[in-house]
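# Coordinates in review
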There are 2 protein chains.
Amino acid sequence: MSNKLCRIALDGMGGDGAPSVMVEGAVAAVKEDSGIEIHITGDEEALNRELSGHEYDKDRIIVVPTTEVIETAEPPVVAVHNKKDSSMVRALYLVKNGECDAYLSAGSTGATLVGGQIIVGRIKGVERPALAPVIPTEKGVSVLIDCGANVDARASQVLQFAQMGSLYSENVIGVKKPRVGLVNIGAEEEKGNALVKEVYPLLKECPGINFVGNVEARDISAGVADVVVCEAFVGNVILKMYEGVASTFYHLLKNALLTNAVSKAGALLVKPYIKEAMKDFTMTKYGAAPLLGCKGLVMKTHGSCDVTEVKNSLIQCREFVESGITGRMEELFGTALKGR
Amino acid sequence: MSNKLCRIALDGMGGDGAPSVMVEGAVAAVKEDSGIEIHITGDEEALNRELSGHEYDKDRIIVVPTTEVIETAEPPVVAVHNKKDSSMVRALYLVKNGECDAYLSAGSTGATLVGGQIIVGRIKGVERPALAPVIPTEKGVSVLIDCGANVDARASQVLQFAQMGSLYSENVIGVKKPRVGLVNIGAEEEKGNALVKEVYPLLKECPGINFVGNVEARDISAGVADVVVCEAFVGNVILKMYEGVASTFYHLLKNALLTNAVSKAGALLVKPYIKEAMKDFTMTKYGAAPLLGCKGLVMKTHGSCDVTEVKNSLIQCREFVESGITGRMEELFGTALKGR
């Protein structure tokens, strides 16, 4: 029975609200999802104190005592190397050693990316794992890949991002034949910088993906592609422009509604509908992003996540593991290697 | 008297509404601004027919007959080379030959960028001219440089973008000591790709600009810098994310307000205030973007511009010319050359 559970290593000390938000999220997840077992790493006393306030299936939340914490500001490589008994490094080792199937942290993105690669390790044949958040669009959601910290990618790496993103979209998000688009500054094949010009023909000739050509940044939020492929610098700019422009719009809208008594009266009537329409367009709703290409699932969620997000991210971890896409990637890239 | 007028070469055949929108814009501009003289290039019969319907100072709109038109879809270099009697190429030559002080087109951006560089020519010492649109922010506006078509810029070129953008912000937009920010994926100096890591120290040590360090895309729309510096691929992504996310928000908002009778009643009350708050946040309001670094002013406005935008862009041309920033750039980059 227990070996059928999805075992998740949860970094109990990462994120703004840790450890209490992490503990509450873990409790909520095991209550809602009977297929999850959580190994939560962190300060034993603090975790047990938080847990003691809750009713839950004791067998499915296991405290793994650790003594160190990696702070967001620490240089990732140094932190991962030096803090062997940190909640993050220990959680990563649980996956590495096969004691857990997935890793989730709301702590330092840099340390998770570095730790995921050097501790959990890359799938054989994967040149570079890629961070693949889900972004909201007018048509639903798209996968944006890569948003990681490793910039200056090579064309062969970007090709793999497209392949991994496509597998993720199809097997985890459930899109049939996901449309894969390459971010470019024009729709025509000959447009772009040296990198995308090199990537375009690779994508065009790649079997197993549904390449729809170049996509312009203007059309991403309209949902022009299910998998939006780019190197990490551009991916970061896209993700953060989403956040920035959305936030600016909320401010302008809020100020507009608060202008005077008339606008405030109108606001009372329209607010619920605006809220409903915008609710799918907040980045935090899709908080957890997988680092695709690692031997086990490495998942990062927002530093500012709340209990519901932690719970949802944990359930997402189980769904991801059950989709079996790590095995599919091993097959895809392992075969590609043998074919060389 | 006439030699004090700002003489603008207007591409009468560029843009979706040409020639009528161009002609009407020209008429509106000479009516509103007594310091402007317009040389409008294009089909003589069509232009005269459009002009005949208007009352205006005949001395200040001169028709320059041309026989060809460059279409948006044409490859820019080929088009500029082959269509010597196009409205665009002839207008550029008017600036090149000193018959006009500025060039404005709503036609092909690529052809304007190519033509600006090879016909009007670069200022001595400028490695690469850069397209610098103005973008709305919560605090006002910022200059985004480069949004041109020349990607894969070198660090020394990006440094010049910062210098030119700073001059533009200070002398044309009127910002005192404009804050110059480098687009990066983190705030720390050591962050980024190879290009921005090379650019950062150059900006830090550059005299005459107020470098405020790295800026993240998330903070651009909040107005974190007056001059937002990046290479053209990233600039294009930023500009188009603005457009795309803004457009998605308008759609969501519109749908929300149209949900049912209650939301519609509220919408009647709030709409004027929302419109007022958002009006400064439409990209088309800041349509005309200069190609900085050319020997004369080369200005590009939106293909979909209306009469008011054409008029405003023409007045903007005069203000730009009178600011004397082309002379300042000649001085800055000429001196830098001599110093080598």
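Here we come to the relation of the copies chain A and chain B. Turning one copy of the chain about an axis and sliding it along that axis gives the other copy, so a rotation and a shift relate them. Rotating chain A by 180 degrees about the axis while translating it 0.0 Å along that axis superimposes it on chain B, leaving an RMSD of 0.0 Å. What we have between these two chains is a two-fold relation. Within chain A, Gly266(A) has its C-alpha nearest the rotation axis, a separation of 2.1 Å. The fraction of interface residues of chain A whose copies in chain B are also interface residues reaches 100%, indicating that both copies meet through the same surface.

Residue and element names in this part refer to chain A. In a regular helix each residue adds 1.5 Å, so 13 residues correspond to 18 Å; helix H1 (residues 20-32) covers 18 Å between its end C-alpha atoms and thus fits that length. Looking at H1, one finds that the buried residues are Val21, Met22, Val23, Gly25, Ala26, Val27, Ala29 and Val30. As for H1, its buried residues are in contact with strand E1 (6-11), strand E2 (36-42), helix H2 (44-52), strand E3 (61-65) and helix H10 (307-323).

What follows covers the pattern of salt bridges. Applying the stated criterion to the full structure yields 32 salt bridges over all chains. With a shortest N-O distance of 3.7 Å, Glu45(A) and Arg49(A) are connected by a salt bridge. Here Glu45(A) and its partner Arg49(A) are both found in helix H2, 4 residues apart, which amounts to about one turn of the helix. Residue Lys83(B) is joined to Glu74(B) by a salt bridge in which the shortest nitrogen-to-oxygen separation is 2.8 Å. What emerges from the salt-bridge pattern is a single network uniting Glu216(A), Arg218(A), Lys240(B) and Glu243(B).

All names here are of chain A. The residue Ser52 is located in helix H2 in this model. Judged by its relative accessible area of 59%, Ser52 is exposed. Distance from Ser52 to Ile145, taken between C-alpha atoms, is 40 Å for residues 93 residues apart in sequence. Polar contacts involving the side chain of Ser52 include one to the main-chain carbonyl oxygen of Arg49, which spans 2.6 Å.

This paragraph deals with the pairing of strand E9 (residues 210-216) of chain B. The two faces of the sheet receive side chains in turn, since in a regular strand these alternate between them. Residue and element names in this part refer to chain B. Of all 7 residues that make up E9, 5 are buried, and the element is covered over most of its length. Here 6 bridges tie strand E8 (residues 179-184) to E9, and the two strands are oriented parallel to one another. The residue bridging Leu182 from the neighbouring strand is Asn214, located in E9. The parallel pair E8 and E9, bridged by helix H7 (residues 194-205), forms a crossover whose chirality is right-handed.

Moving on, we come to the sheet that holds strand E2 (residues 36-42) of chain B. All names here are of chain B. With mixed pairing, the 7 strands of this open sheet are ordered in space as E3-E2-E1-E4-E12-E11-E5. Here the strands that pair on one side only, and so sit at the sheet edges, are strand E3 (61-65) and strand E5 (130-131). Where strand E4 (residues 102-105) lies against strand E12 (residues 297-300), 4 bridges are found, and the strand directions are parallel. Bridge pairing in E12 links Leu104 to Met299. Of the strands in this sheet, E2 and E3 touch helix H2 (residues 44-52), which is tilted by about 160 degrees from E3. Strands in contact with helix H10 (residues 307-323) are strand E1 (6-11), E2, E4, strand E11 (289-292) and E12; relative to E1, the strand with the most contacts, it is inclined by about 140 degrees.

Rules of the game
- Residues numbered from 1 in each chain as written.
- Chains lettered and ligands numbered in written order.
- Predicted model: local features only at pLDDT ≥ 70, side-chain atom pairs only at ≥ 80, totals over all residues.
- Heavy atoms only, no water.
- Least-squares fit on C-alpha atoms with pLDDT ≥ 70 in both.
- Contact = heavy atoms within 4.5 Å.
- Helix = DSSP H or I, 4+ residues; strand = E, 2+ residues; numbered from the N terminus.
- Expected span 1.5 Å × (residues − 1).
- Buried < 20%, exposed > 50% of the residue type's maximum accessible area, 1.4 Å probe, protein only.
- Salt bridge = Lys/Arg side-chain N within 4 Å of Asp/Glu carboxyl O.
- Polar contact = N/O pair within 3.5 Å; in protein donor to acceptor, adjacent residues only side chain to side chain.
- Pairing = 2+ DSSP bridges.
- Right-handed = clockwise from strand over helix to strand, strands pointing away.
- Axes fitted to C-alpha atoms, helices over the stretch in contact; angles between N-to-C directions.

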